Amino acid sequence: MHRYSILFEEITDPEFPVGWYYANMPTLNLTTHGKGLEGARATAVDLLQLWFAEKRAHGEDIPQVPSDRYSSNPG
């Protein structure tokens, strides 16, 4: 099972309607957006599933997040 952090950020661009959020997966360099936090989460899950399928179809590796990636211990 793969686990990746998703960072949510409210979109403040005046061209977007109020209440839309970015969903960013920095480890994979992927970003999407959706209406509300649940909409952004749902589109992030969809994007991840498509991204995984594409990687597998081409025999490419799927990056793993190191277990100490967010550790506060520098050494």
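Preceding block: the structure.
Each value, and the rule that gives it
Residues numbered from 1 in each chain as written. Predicted model: local features only at pLDDT ≥ 70, side-chain atom pairs only at ≥ 80, totals over all residues. Heavy atoms only, no water. Core = buried A, V, L, I, M, F, W, Y, C linked by side-chain atoms within 4.5 Å. Buried < 20%, exposed > 50% of the residue type's maximum accessible area, 1.4 Å probe, protein only. Helix = DSSP H or I, 4+ residues; strand = E, 2+ residues; numbered from the N terminus. Contact = heavy atoms within 4.5 Å. Salt bridge = Lys/Arg side-chain N within 4 Å of Asp/Glu carboxyl O.

Peer 1: Please provide a residue-by-residue account of the nonpolar core, values included.
Peer 2: Counting residues in hydrophobic clusters, the biggest one holds 12 residues: Y4, Y21, A23, M25, L28, L30, A40, A44, L48, W51, F52 and I62. Of all elements in the fold, only β2 (20-25) and α1 (36-57) reach the threshold of two or more residues within this core. Ranked by residues supplied to this core, first place goes to α1 with five residues. Leave out the neighbours within four places in its chain, and F52 touches H2, Y4 and I62.

Peer 1: For the pattern of salt bridges, give the residues involved together with the corresponding values.
Peer 2: Tallied over the full model, the rule gives two salt bridges. In this structure, R41 engages E38 in a salt bridge whose closest nitrogen and oxygen atoms are separated by 3.5 Å. Linking R41 with E38, this pair stays in helix α1, spanning three residues, or about one helical turn. Residue K55 pairs with E60 through a salt bridge whose shortest N-O separation is 2.8 Å. Using a relative accessible area of 39% as the deciding quantity, one classes E60 as partly exposed.

Scope: geometric values only; no functional claims are made or implied.
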